[in-house]
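# Observations on the three-dimensional arrangement
One-letter residues, chain by chain:
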Amino acid sequence: MAERIPPEAHAAYQRIHATDEFAELKRSYLRFVVPLTVAFMTWYLLYVLMSNYAGDFMAHKVAGNINVALIFGLLQFVSTFAIAIWYARFAARRMDPIADRLRAEYDEEIKR
Amino acid sequence: MSTTATLLRAAEDNDHQALTGSLFILVVLITVAITFWASRNTKTAADYYAGGRSFSGAQNGFAVAGDYMSAASFLGISGAIALAGYDGFLYSIGFLVAWLVALLLVAELLRNSGRFTMADQLAFRMRQRPVRTAAATSTVVVSIFYLLAQMVGAGALVALLLGVENEGLTKNLTIVGVGALMIFYVTVGGMKGTTWVQIVKAVLLMAGTILITVLVLAKFDFNISDMLGTAAENSGKGSAFLEPGLKYGVTTTSKIDFISLGLALVLGTAGLPHILIRFYTVPTARQARKSVLWAIGLIGSFYLMTLVLGFGAAALVKGDEKEQIAASGGNLASPLLAEAVGGGSGSTGGAVLLAIISAVAFATILAVVAGLTLTSASSVAHDLYAQVWKRGEVTEKQEVATAKIAAFVIGGIAILLAIPAQKLNIAFLVALAFAVAASANLPALLYNLFWKRFNTSGAVWSIYGGLISSVGLVIFSPVVSGKGEDPTGKNLSLLPTSIDISWFPLENPGIVSIPIGFLCGFIGTMLAKDRDAEEHYTELDVRAMTGAGAIQ
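About the thresholds
- Residues numbered from 1 in each chain as written.
- Chains lettered and ligands numbered in written order.
- Predicted model: local features only at pLDDT ≥ 70, side-chain atom pairs only at ≥ 80, totals over all residues.
- Helix = DSSP H or I, 4+ residues; strand = E, 2+ residues; numbered from the N terminus.
- Rg over C-alpha atoms; globule rule 2.2 N^0.38 Å.
- Buried ≥ 20, exposed ≤ 12 C-beta atoms within 10 Å, placed from the backbone.
- Contact = placed C-beta atoms within 7 Å.
- Axes fitted to C-alpha atoms, helices over the stretch in contact; angles between N-to-C directions.
- Parallel < 35°, antiparallel > 145°, perpendicular 65-115°, else oblique.
- Left-handed = near helix turned anticlockwise from the far one by under 90°.
- Core = buried A, V, L, I, M, F, W, Y, C linked by C-beta atoms within 7 Å.
- Expected span 1.5 Å × (residues − 1).
- pLDDT = per-residue confidence, 0-100.
- Nonpolar A, V, L, I, M, F, W, Y, C, P; charged D, E, K, R; others polar.

Of regular secondary structure, chain A possesses 4 helices and 2 strands. Reading chain A from its N terminus to its C terminus gives the helix and strand order α-α-α-β-β-α. The C-alpha atoms of chain A give 22 Å as radius of gyration, which overshoots the globular expectation for 112 residues (13 Å, by more than 25%). Counting only C-alpha atoms, chain A reaches 70 × 35 × 20 Å along its principal axes. Looking at chain A as a whole, 26% of its 112 residues qualify as buried. Of the contacts made within chain A by residues no fewer than 6 positions apart, 60% connect residues no fewer than 24 positions apart.

Okay, structure coming up:
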């Protein structure tokens, strides 16, 4: 048996799951994170593959002793920080308000 | 205070060993005091397992960073850069990018839908006993692998940092001492004590790293290109030192091996049980998100500074000390760099900085092993004892008492395994822990969160499938047998050189075992029909996405 949930909670979950608001929340979340996950994984693998197989390109010096490999590596830091901030802002703007409303509805329903 | 007096005297004498020893004792005293303080507020199961869910996102972010950045990161990565140049930096990046998986796909949803352990999240809509048994098995295996590597490393490091004569005895005593301390933190302080130890460690680690980084950069007038040039010159390898290839790019096999390692790092982090349970220590999903943001900031800036430490060590540490770094496999790069920028061997500044960095490394080890012990003890008590064995018919008090006994037993086992393991080459265990986490835990977690059809059979298949394939492939890989000896006669594999059972060419199984884990989860799901699990997905989905009904 899975975890037992009281019938009124079960009903509330079912109702919320069927609302347009919940569908919108789930859709906007997946539309944001799935492409982004594919993108940063590809970006990271590209970096690893280039390091392994594109030595000449990576060794190219850009300024002083700073080469393409170092810049590529530092760009991984930049992209990681940027994606993290981008996601946090997206979640606060687009997801949190809907989640808060639905959670408040749930709490209201359960109390009765 | 007598400690302060000893410290001052040792500093005047430039006696870095006495200074280091005193700072180690200071670290122990601070952490023990924190643990006693935290134990006063630890009463319920939620206090013990999840620190009362009362930490803020920022506090938990520091604790996550403290839990994640092991001595292998602090000393190992800077050492790898000092010895192999660019490839050490390449290695560090996987550890950071991995946090995006935790941020985007795992942290918030897990906080909303779990309770104390990784198994709680899966068991929400599955049959309790098989799923909890599987998840607890994988939790304990991952944690013990990681723990063993840390404890053996602790023995070697403390002996190295204190520079003692009788190495064998000191290493054994260190392992016993570190083991006793971690059992103490976990049994007395629970999650609250462990978390504060990790927060203090993260602050010490960041402060120590910033200090050395600034001192190193100042030597080059903050001209990074200059530092890199000097490092390349002094490494004896020229510009190749600043390019990829010295460590991972040697052969076709080593290249594929590195891709395999990179995959395990990126996908494994969000499946490490000791990281996952940290998200239960905050009150809401939003605070869990904030935790990861803080962790990314801290871990990212830490690895950026490691770049300076590594290349700085290659540029500034010379002569005897340089040979010592090579002999230590890189582990002494940061401590000896600290000595060099403080004024060199024999100077007061050098002795003080060397002692400080050694103490930071020691605090790092303590915080990480405490987190690992707590994680496995929680899973044994909450999943195996309370749910699988007693079928939920236990009081909170009994459960917490069991967790404390489990911490004793797991800590004891870790000590007993770590002492003989010192003679073996077990450097592969951390990478293996990441590979198991990526192959066994992550598939189950992601399927459970995003695939309605997923069920008990699928969860059990993916966990055991990923666990057996990753550990199994490593058993038949060069790290266990068949690598032979290096020129100095040191065995490069785990087993004696007379035994060779290797047929799998890669040292890192991830590239094969991660797809196997996901595939097993899919096949296992398709082989069974479980209406209950599908129906409960609605509830899990709403709870994970909105936090409605989440455990407070």
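Next up on the list: the overall build of chain B. Counting secondary structure elements, chain B contains 21 helices and 0 strands. By the compact-globule yardstick of 24 Å for 552 residues, chain B fits well, its C-alpha radius of gyration being 23 Å. Classification of the 552 residues of chain B by burial places 64% in the buried group. If you take every contact in chain B between residues at least 6 apart in sequence, the share linking residues at least 24 apart comes to 80%.

Our next topic: the environment of Val214(B). Residue and element names in this part refer to chain B. Position of Val 214 among the secondary structure elements: in helix H9 (residues 167-219). By C-beta crowding, Val 214 is classed as partly exposed, having 13 other C-beta atoms within 10 Å. Taking the C-alpha atoms as reference points, Val 214 and Ala 180, 34 residues apart in sequence, are found 36 Å from one another.

Another point: the packing of helix H4 (residues 57-68) of chain B against helix H13 (residues 285-316) of chain B. Residues and elements named next belong to chain B. At their nearest, the axes of H4 and H13 sit 7 Å apart, and the two run at 50 degrees to each other. Comparing the axis directions of H4 and H13 gives the class oblique. Both H4 and H13 take part in a crossing whose hand is right-handed. Every residue of H13 that contacts H4 at Gly 57, Ala 58, Asn 60, Gly 61, Phe 62, Val 64, Ala 65 and Tyr 68 is listed here: Gln 287, Lys 290, Ser 291, Leu 293, Trp 294, Ala 295, Leu 298 and Ile 299.

Across the contact, 48 residues belong to chain B and 47 residues belong to chain A. Contributing elements (two or more residues each) for the side of chain B that touches chain A: helix H6 (86-113), helix H10 (224-235), helix H11 (252-268), H13 and helix H21 (531-546) of chain B. Broken down by element, the side of chain B that touches chain A gets its largest block of residues, 10 residues, from H6(B).

All names here are of chain B. If you look at the biggest cluster of nonpolar residues, it comprises 238 residues, and the most contacted ones within it are Ile 299, Leu 337 and Leu 366. With 26 residues, helix H16 (residues 348-389) is the largest single contributor of residues to this core. Contact partners of Ile 299, with chain neighbours within four places excluded, come to Ala 65, Tyr 68, Met 69, Leu 96 and Trp 99.

A few words on H16(B). Residues and elements named next belong to chain B. For H16, built from 42 residues, the straight-helix expectation of 62 Å at 1.5 Å per residue is met to within 8% by its first-to-last C-alpha distance of 59 Å. Taking burial as the measure, the 42 residues of H16 include 38 buried ones, the bulk of the element. Backbone geometry just downstream of H16 places Arg 391 in the positive-phi region, at approximately 50 degrees.

Attention shifts here to the confidence of the model for chain B. All names here are of chain B. Residues at a pLDDT of 70 or more form 97% of chain B, whose mean pLDDT is 90. Confidence, expressed as mean pLDDT per element, reaches its minimum in chain B at helix H1 (residues 2-12) with 55 and its maximum at helix H20 (residues 510-527) with 97. Per the prediction output, this complex has pTM 0.93; the corresponding ipTM is 0.95.

All names here are of chain B. By the criterion of burial, helix H15 (residues 333-341) is predominantly enclosed, with 9 of the 9 residues buried. Turning to H15, its buried residues are Ala 333, Ser 334, Pro 335, Leu 336, Leu 337, Ala 338, Glu 339, Ala 340 and Val 341. On its buried side, H15 packs onto helix H5 (71-84), helix H8 (128-162), H9, H13, helix H14 (319-327) and H16. Gly 343 lies just past H15 and shows a positive phi near 130 degrees.

As a further point, take unusual backbone geometry. Residues and elements named next belong to chain B. You will see that Arg 53, though not glycine, has its phi angle at about 50 degrees, which is positive. Structurally, the position occupied by Arg 53 is in the loop between helix H3 (45-50) and H4. Phi is positive for Asp 221, close to 50 degrees, though the residue is something other than glycine. Residue position: Asp 221 is located in the loop between H9 and H10. Accessibility expressed as a C-beta count within 10 Å gives 8 for Asp 221, which makes it exposed.

This part is about the packing of helix H19 (residues 456-475) of chain B against H20(B). Two numbers describe a pair of packed helices, the interaxial angle and the distance between the axes. Residues and elements named next belong to chain B. Between H19 and H20, whose axes approach to 7 Å, the crossing angle comes to 155 degrees. Taken together, the axis directions place H19 and H20 in an arrangement best described as roughly antiparallel. Considering how the two elements wind past one another, H19 and H20 form a crossing that is right-handed. Along its contact with H19, which presents Ser 457, Gly 458, Val 460, Trp 461, Ser 462, Gly 465, Gly 466, Ser 469, Ser 470 and Leu 473, the element H20 presents Val 512, Ser 513, Ile 516, Gly 517, Cys 520, Gly 521, Ile 523, Gly 524, Thr 525 and Leu 527. Looking at side-chain class alone, the contact of H19 with H20 contains 8 nonpolar, 12 polar and no charged residues.

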